[in-house]
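Spelled out from the first residue to the last, the chains are:
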Amino acid sequence: MRLVDCQRGDRVMIVEIDAGCGAVLNLMQLGLVKGDTVELLQRSPLKGPLLVLHGDTEVAIGYRLAERILVEKS
Amino acid sequence: MNLVLVGQPYSGKSTIFNEVVGYKSLSTNAPGSTAEHTHGKIQLDGETVEVVDLPGIYSLQVSDDAGNPTVDHVLNAPADTVLVNVIDTSVLSRSLELTLQLMELGRPMVVALNMADEAQRKGIQIDTAGLSRIIGAPVIETVGIKGEGVSELFREACRAGRERIRPQVVPAPPPVECFIQELVRHLGQWNVPELFNHRYIAIKLIERDPILQKAIEPHLNPYGHKTIATLLQDLEAATGQRAEFLMSAVRHHLAFELFETVARVGIPQRRDIRRQLDAVLTHPVLGYVFLLVILAATFSLIFKVGSLVEPVFLDYFEQITGWLGDKLGGHALLHAVVVGLVSGIGGGIGIVIPYLLPFFVALAFLEDTGYLPRIAYLVDNLMHRIGLHGMSVVPIIMGYGCSVPGVLATRILKSRRDKLITATLTTLIPCSARMTIIFGLIGFFISMKAAILVYVFNLLLIGLVGLILSKIMPEESPGMIMEIPRYHLPEIKPLARKTWFRLKEFVVIAWPILIGGSVVLEVINHLGLTDPINSFLAPYTVGLLGFPAAVGITLIFGIMRKEMALVLLFAALGTSDVTSVMSLTQIFGYTFFVTFYVPCLATFAALAKELSWRSAIAITLITLAIVSVLTVLIRLLVPLFG
């Protein structure tokens, strides 16, 4: 399942980030890596970014990147 | 001694900085870059200490060779530097990843567990003594806003500097650590100079850091290159991960382990209402309703304040000009120069105090409450359609105040392409000076509705230009990755500082050009060059755009100072009842044209400074071409609709 397929309020574990080097590093710098659990807080309309809660940090992730983040319900 | 505050964004560095340095801070451009850092001197136990506040960073690892000014500053800081790592305690685990990187540098450092009260409310308790033991550096709990622990932090920092207390080396897990050791051994054998300690160089080599690779290039022979390449390949084979991500992943796990060791997470004292706030303010529907209401309220408040205050200043400067006319009546050229000077100074004050100051206060308020990043989140999608990102909204909103700080704010964007497109669109935003033209001409002579229509039309224009530019310069971007900070009650000092820095960009760059421009214009007038200029421009202004010939000169004036075009229009037409000499279509077309045709001279200078002369010229030509076409369309189409 991709992050974009989740519903608001879902808590999911990141299984794979299938994106370019820069994007993976940027996510890592915000503390988001494979194996972490995030909660989907908000989706914006028309393929806008998604807002996820990771630990105590809210992170906005663009739709196209969120399409390439594979997750599993935890 | 030199204390450098380093921390992740929103960790409260600047609050701590303001607490110790206060208003005595200075802002300078870091050498070779445009990003600002703030520094100031303080007296501590009889010693003068330099304190530097750097823009927040998440990591010292940079993925492109453009580098990052904060990272450069940390790496190249003088030998007597102590790093003061400020951490938002409520996101300790993540923050420790930067701490571990700073420790790799092997410089004296201290750690401030800031916002300690916030963390306690969340039920997080930290064993500070334990953390200090493990990392081998003093750790102090602070509450920056209340000033708690701040003086102790700086005392400990000085002690760490005097006693050269260096942090511990935290080893990586076995396979990776072996490779680091191996690299360190080689670096020693090859006599690679210790630009940094060899362990740090080894780690950067594993990260394939482009800047460091370049720096040690001259010290490696072909054999060295080959050895490093082979080692990295082996490392990737042994760990099954790309070397670029490896150290970051290692630090992620080390930081988490460290967090588990020193932190106890209990039950939060109370539910955080701020999260409920976000359920509304970032809501897919309600979020946009609130966005419109908040922006409309902000702008109308600024406009109200401005229109109350502005006449006071204008009257005052008109009196001065009149008085000068009496005194210097005999010396016509001197009179022209002095009147130009006075009207330039007056024009600046007439923009700054009524409009720009309230605007920047409001903007800093939106920024410091944490709402601005939410605006970026909400509009990200829309901005992508015109080839931009959510963060581009910051320069664009700022452009409604003054284009100069707006253009300079494009430095927050990463790629040159984004900067270029955002800067172009920012120059097309009607700044507060242009607002006076729109409301003074269309609002006054046609209707308020028509004036609002110009703003709507302007948004469409921006959309169109954005679309065209993003077609010319397509991009492959992964999209937004941005931390959305907690809501926060703004504090006066950082807000004042931010407002002042932005205002200064207007005062230093735009104002002198404005004053110079006014003098030139008065002299042109005095020398009687108006008519030749008008007839020179006539084929364009009359033939193509359909304006009266007399407005030609006002377009030249408009390049220097946008709002001068309005004042001069009355003079050029010989009446302030514009409707008697211009049709409504002409008024509408003229206002539209004069507002957007080219960036004013000050904005042009800002574009050249932030991008390049070539880009500034290109942007000017592009906007002139597009706006000319649209004005012709207005000329042809508006009469059809009456």
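Residues numbered from 1 in each chain as written. Chains lettered and ligands numbered in written order. Predicted model: local features only at pLDDT ≥ 70, side-chain atom pairs only at ≥ 80, totals over all residues. Heavy atoms only, no water.

A. Structural view of the overall build of chain A. Helix and strand content of chain A: two helices and five strands. In sequence order, chain A lays out its α and β elements as β-α-β-β-β-α-β. Taken against the 2.2 N^0.38 rule, which gives 11 Å for 74 residues, the C-alpha radius of gyration of chain A at 11 Å falls within 12% of a compact globule. The C-alpha extent of chain A, read off along each of the three principal axes, is 25 × 25 × 20 Å. Counting the 74 residues in chain A, one finds 57% classified as buried. Pairs at least 24 residues apart make up 58% of the contacts formed inside chain A by residues separated by at least 6 positions. As displayed, chain A offers around 3000 Å² of accessible surface, 47% of which is attributable to carbon and sulfur atoms. (Helix = DSSP H or I, 4+ residues; strand = E, 2+ residues; numbered from the N terminus. Rg over C-alpha atoms; globule rule 2.2 N^0.38 Å. Buried < 20%, exposed > 50% of the residue type's maximum accessible area, 1.4 Å probe, protein only. Contact = heavy atoms within 4.5 Å. Areas by Shrake-Rupley, 256 points an atom, 1.4 Å probe, with all protein chains shown as cover.)

B. Seen up close, unusual backbone geometry. One non-glycine residue, Leu46(A), lies in the positive phi region at around 50 degrees. Note that Leu46(A) resides in the loop between strand S2 (37-43) and strand S3 (50-54). Residue Leu46(A) is classed as exposed on the basis of its relative accessible area, which comes to 63%. Unusually for a residue other than glycine, Asn191(B) sits at a positive phi of about 55 degrees. Among the secondary structure elements, Asn191(B) is positioned in the loop between helix H7 (174-189) and helix H8 (198-206).

C. Just the interface of chain B and chain A, in detail. With 38 residues of chain B in contact, the opposing surface of chain A contributes 34 residues. Both faces combined, the contact of chain B with chain A buries some 3100 Å², and carbon together with sulfur accounts for 56% of it. Among the residues chain B hides against chain A, the three largest losses belong to Arg275(B), Tyr377(B) and Ile481(B). Together they make up 21% of the total. Linking chain B with chain A are three salt bridges. Residues Asp56(A) and Arg486(B) are paired through a salt bridge, measuring 3.6 Å at the closest nitrogen-oxygen approach. Connecting chain B to chain A are twelve residue pairs in polar contact (both at pLDDT 80 or more). Elements represented by at least two residues in the side of chain B that touches chain A include exactly helix H3 (92-104), helix H11 (243-262), helix H12 (273-281), helix H15 (371-385) and strand S10 (481-484) of chain B. Taken together, the residues of the side of chain B that touches chain A sort by class into 13 nonpolar, eleven polar and 14 charged. Direction of pairing for strand S4 (residues 57-61) of chain A relative to S10(B): antiparallel, over a ladder of four bridges. Bridge pairing links Glu58(A) to Ile484(B) in S10(B). (Buried area = accessible area lost by both parts, 1.4 Å probe. Salt bridge = Lys/Arg side-chain N within 4 Å of Asp/Glu carboxyl O. Polar contact = N/O pair within 3.5 Å; in protein donor to acceptor, adjacent residues only side chain to side chain. Nonpolar A, V, L, I, M, F, W, Y, C, P; charged D, E, K, R; others polar. Pairing = 2+ DSSP bridges.)

D. Looking closely at the nonpolar core. Residues and elements named next belong to chain B. Within the largest apolar cluster, 106 residues are counted, with the highest numbers of intra-cluster contacts made by Ile375, Leu441, Leu461 and Tyr590. Top element by residues in this core is helix H14 (residues 332-369). It accounts for ten residues. When residues no more than four places from it in sequence are discounted, the contact partners of Leu441 are Ile446, Leu566, Leu569, Val578, Ile587, Tyr590 and Thr591. Within the second largest apolar cluster, 61 residues are counted, among which are Ile87, Ile124, Ile135 and Ala137. (Core = buried A, V, L, I, M, F, W, Y, C linked by side-chain atoms within 4.5 Å.)

E. Highlighting the side chain of His73(B). Residue position: His73(B) is located in helix H2 (residues 69-75). Discounting residues that sit within four places of it in the chain, His73(B) has contacts with Val4(B), His37(B), Val52(B) and Leu54(B).

F. Broad picture of the pattern of salt bridges. Residues and elements named next belong to chain B. For the structure shown, the criterion picks out 27 salt bridges over all chains. Residue Glu483 pairs with Arg94 through a salt bridge whose shortest N-O separation is 3.2 Å. Within this pair, whereas Glu483 is found in strand S10, its partner Arg94 is found in helix H3, the two being separated by 389 residues in sequence. The residues Glu483 and Arg94 share a single accessibility class, namely buried.

G. Expanded view of the sheet that holds strand S5 (residues 69-73) of chain A. The strand order across the open sheet built from six strands is S5(A)-S1(A)-S2(A)-S3(A)-S4(A)-S10(B), with neighbouring strands paired in antiparallel fashion. The open sheet terminates on both sides in strands that have one partner only, identified here as S5 of chain A together with S10 of chain B. If you compare each strand with its neighbour and ignore which way they point, the axes differ by 40 degrees on average. Set on the sheet, helix H1 (residues 21-29) of chain A makes contact with strand S1 (11-17), S4 and S5 of chain A together with S10 of chain B; between it and S10(B) the angle comes to about 15 degrees. (Axes fitted to C-alpha atoms, helices over the stretch in contact; angles between N-to-C directions.)

H. Main features of the environment of Leu75(B). Residue and element names in this part refer to chain B. Tracing the backbone shows Leu75 in helix H2. Along the primary structure Leu75 and Leu195 are separated by 120 residues, whereas in three dimensions their C-alpha atoms are 9.6 Å apart. Leave out the neighbours within four places in its chain, and Leu75 touches Leu105, Arg107, Phe196 and Tyr200.

I. Up close: the pairing of strand S5 (residues 81-88) of chain B. All names here are of chain B. The element S5 is largely enclosed, with a buried count of eight among its eight residues. Of the two faces of S5, both are covered, the one formed by Thr81, Leu83, Asn85 and Ile87 as well as the one formed by Val82, Val84, Val86 and Asp88. Looking at chain direction, strand S1 (residues 2-7) and S5 are connected through six bridges and run parallel. When the bridges of S5 are listed, Val6 appears paired with Asn85. Judged from the six bridges that link them, S5 and strand S6 (residues 109-114) form a sheet pairing that is parallel.

J. Local environment of the packing of helix H19 (residues 432-445) of chain B against helix H20 (residues 448-472) of chain B. All names here are of chain B. Contact geometry for H19 and H20: axes closest at 8 Å, N-to-C directions at 140 degrees. Between H19 and H20, the crossing angle belongs to the class labelled oblique. Crossing angle aside, the handedness with which H19 passes H20 is right-handed. Within the contact between the two elements, H19 uses Met435, Ile438, Phe439, Ile442 and Gly443 and H20 uses Met448, Ala450, Ala451, Val454 and Tyr455. (Parallel < 35°, antiparallel > 145°, perpendicular 65-115°, else oblique. Left-handed = near helix turned anticlockwise from the far one by under 90°.)

K. The arrangement of helix H21 (residues 492-526) of chain B in detail. Residue and element names in this part refer to chain B. In a regular helix each residue adds 1.5 Å, so 35 residues correspond to 51 Å; H21 covers 48 Å between its end C-alpha atoms and thus fits that length. Along H21, the helix axis deviates most sharply at Ala510, where the bend reaches about 40 degrees; the proline Pro512 sits within four residues downstream. Phi turns positive one or two residues past the end of H21, at Gly528, with a value near 70 degrees. (Expected span 1.5 Å × (residues − 1). Bend = angle between axes of the 7 residues up to and from the residue.)

L. A look at the packing of helix H18 (residues 416-427) of chain B against H20(B). All names here are of chain B. Packing of H18 against H20 leaves a shortest axis separation of 10 Å and a crossing angle of 155 degrees. By the criterion of interaxial angle, the relationship of H18 to H20 is roughly antiparallel. The two elements H18 and H20 meet at a crossing, and its hand is right-handed. Contact residues: Arg417, Ile421, Thr424 and Leu425 in H18; Ile462, Val465, Gly466, Leu469 and Ser470 in H20. The residue makeup of the contact of H18 with H20, split by class, is five nonpolar, three polar and one charged.

M. Local environment of a nonpolar patch on the surface. On the surface, Val280(B), Val285(B), Leu286(B), Val289(B), Phe290(B) and Val293(B) cluster together into a nonpolar patch covering about 480 Å² of accessible area. Per-element accounting of the nonpolar patch gives the leading share, four residues, to helix H13 (residues 286-327) of chain B. (Patch = residues over 30% accessible without salt bridge, like charges linked within 9 Å, V, L, I, M, F, W, Y side chains within 5 Å.)

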